[in-house]
Amino acid sequence: MQPPDEPAADPFRPLRPRLVRLAYRMLGSMAEAEDIVQEAWLRWHGADRAAVRDPAAFLSRTVTRLCLDHLKSARVWRETYIGPWLPEPVFDGDAEEGGDDLSLSLMMALERLSPLERAAFLLHDVFGVGFDEIAATLGREPAACRQLAARARRNVRAARPRFPVPEDEGQRMVEAFFAASRSGDLQGLQALLAENVVAYTDGGGIKNAALNPLLGIRRVAGLLVGVARKTGFVKPPVLYRGLINGLPGFATLEAGDTLQTTALQIEGGRITAIYVVRNPEKLRHVAELAFSGPVPTPGT
């Protein structure tokens, strides 16, 4: 594509990070979010921009509608997805500035909402859009949009951790978990995991992964010890340590050059959820970091 002309690009460029964040939260995929924002750019470029009174509203509306259309077409694909579906991992350093929540707990809660509930909640509660504008975007009455956002808000609040984990505690837990899980230390794992811990592994049918979430300390610890035994208790190279979708975690290069991210949800000093992504289609940006040179850790 030819470089965009400046009159079209001027209002678009500062809004682009916000639009990408919106699309990512709607779709759970950074690659798809980038495609949606590119399509929004094309529509902005082809619009009568002199007649657009509020470029931010126009572009947010365009991105939201494109995402809703995409979710409709992706519904069958999501229903046939092999194993648990997890959002594409986003490293803390990859996230654009904006101050809005991109945590895995939020992303997982959004997945359980209808597309319209998701859009209403994100636009109002995360991006501060008024209900009159949301109504124009979704083709619903403002009162109906309020109800959509309220239903979504109840579900999201129930899913979010009640107490954030300090960064130093999160990293301490990550190091302890990595050491115990890769050495097959059953007692060490049991000291870290909550009784009702749940583990999600997303291989997308491409890489080996559990086909269903594993629930309970015995099943989760048993899986981790079994994996350590099969790999000969070899600790893989760690490519990244830091926040992944707002949770403490790490990225590793496993046997067979398989990239993997692991994020831990921690509450009350115990690990309550483990999110592992092995699907290579969701780890392309990790691959770029892994094979293009050293990956910096936060603070270095």
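Thresholds applied
- Residues numbered from 1 in each chain as written.
- Predicted model: local features only at pLDDT ≥ 70, side-chain atom pairs only at ≥ 80, totals over all residues.
- Heavy atoms only, no water.
- Helix = DSSP H or I, 4+ residues; strand = E, 2+ residues; numbered from the N terminus.
- Buried < 20%, exposed > 50% of the residue type's maximum accessible area, 1.4 Å probe, protein only.
- Contact = heavy atoms within 4.5 Å.
- 1 Å grid on protein atoms, 1.4 Å probe; cavity = no way out; pocket = protein on both sides within 12 Å on 5 of 7 lines; lining within 4 Å.
- Points joined across faces, edges and corners; volume = space filled by probe spheres on them.
- Nonpolar A, V, L, I, M, F, W, Y, C, P; charged D, E, K, R; others polar.
- Salt bridge = Lys/Arg side-chain N within 4 Å of Asp/Glu carboxyl O.
- Pairing = 2+ DSSP bridges.
- Axes fitted to C-alpha atoms, helices over the stretch in contact; angles between N-to-C directions.
- Phe/Tyr/Trp six-rings, centres within 6.5 Å; stacked < 30°, edge-to-face > 60°.

S.K.: Is there a simple way to think about the overall build of the protein chain in this case?
M.R.: A count of helices and strands for the protein chain gives eleven helices and six strands. In the protein chain, which comprises 300 residues, the share counted as buried stands at 48%. Sequence-distant contacts in the protein chain: of pairs separated by 6 or more residues, those separated by 24 or more amount to 65%.

S.K.: What should I look at first to understand the layout of surface pockets in this one?
M.R.: Using a probe with the size of a water molecule, rolled over the atoms, empty space left in the structure can be pinpointed. Approximately 630 Å³ is the volume found for the largest pocket. Around the largest pocket, the lining comprises 24 residues; the ones closest to its centre are Asn208, Leu223, Val227, Gln260 and Arg278. Contributing elements (two or more residues each) for the lining of the largest pocket: α8 (167-183), β1 (193-202), α10 (217-230), β4 (247-254), β5 (258-267) and β6 (270-277). Looking at the lining of the largest pocket, the element that brings in the most residues is α10, giving six residues. Its residues assigned to classes, the lining of the largest pocket shows 13 nonpolar, seven polar and four charged.

S.K.: Which parts of the structure should I look at to understand the pattern of salt bridges?
M.R.: Oppositely charged side chains are able to pair whenever their charged atoms sit close together. According to the stated counting rule, one finds nine salt bridges in the structure shown. Put simply, Arg43 and Glu39 hold a salt bridge, and the shortest N to O gap is 3.1 Å. Separated by four residues within a single helix, Arg43 and Glu39 lie in helix α2 (residues 30-46), roughly one turn from each other. Owing to a relative accessible area of 45%, Arg43 belongs among the partly exposed residues under this scheme. Residue Glu39 is classed as partly exposed on the basis of its relative accessible area of 31%. Where Arg61 meets Glu133, a salt bridge forms, and the shortest distance between an N and an O atom there is 2.8 Å. Of this pair, Arg61 sits in helix α3 (residues 55-79) while Glu133 sits in helix α6 (residues 131-138), and the two are 72 residues apart along the sequence. For Glu133, a relative accessible area of 22% translates into the label partly exposed.

S.K.: Explain the sheet that holds strand β3 (residues 238-244) here, please?
M.R.: Backbone-to-backbone hydrogen bonds join strands into a sheet, with any given pair of strands oriented parallel or antiparallel. Judged by pairing direction, the sheet is mixed, and its six strands sit side by side in the order β2-β1-β6-β5-β4-β3 without closing on themselves. Strands at the two margins of the open sheet, each flanked by one partner only, are β2 (214-215) and β3. Taken strand by strand, α8 contacts β3, β4, β5 and β6, and its axis lies near 35° from that of β4.

S.K.: Hey, could you run me through empty space enclosed by the protein in this one?
M.R.: Summed over all chains, the structure comprises one cavity of 30 Å³ or more. Of the volumes computed, that of the largest cavity is approximately 50 Å³. Lining the largest cavity are Leu86, Pro87, Pro89, Leu104, Ile244, Asn245, Thr261, Ala263, Tyr275 and Val277. Residues of the lining of the largest cavity, tallied by class, amount to eight nonpolar, two polar and no charged.

S.K.: I'm lost on the packing of aromatic side chains in this one. Help?
M.R.: The description of an aromatic ring pair rests on the distance of the ring centres and on the angle between the ring planes. Here the structure, examined in full by the defined rule, presents five aromatic pairs. Between Phe178 and Phe250, the aromatic rings sit 5.3 Å apart at their centres with planes inclined by 80°, giving edge-to-face as the arrangement. In this pair, Phe178 is assigned in helix α8 and Phe250 in strand β4, connecting sequence segments 72 residues apart. The burial state of Phe178 is the same as that of Phe250; both residues are buried. Centre to centre, the rings of Tyr200 and Tyr275 are 5.3 Å apart; their planes meet at 0°, and the pair counts as stacked. Residue Tyr200 is found in strand β1, and its partner Tyr275 is found in strand β6; the two are separated by 75 residues along the sequence. With respect to class, Tyr200 is no different from Tyr275; both count as buried.

S.K.: Would you take a moment to explain unusual backbone geometry for this structure?
M.R.: Note: most peptide bonds trans; most residues except glycine with negative phi. In this model, Asn245 sits at a positive phi of 50°, which is unusual for a non-glycine residue. Secondary-structure assignment places Asn245 in the loop between β3 and β4.

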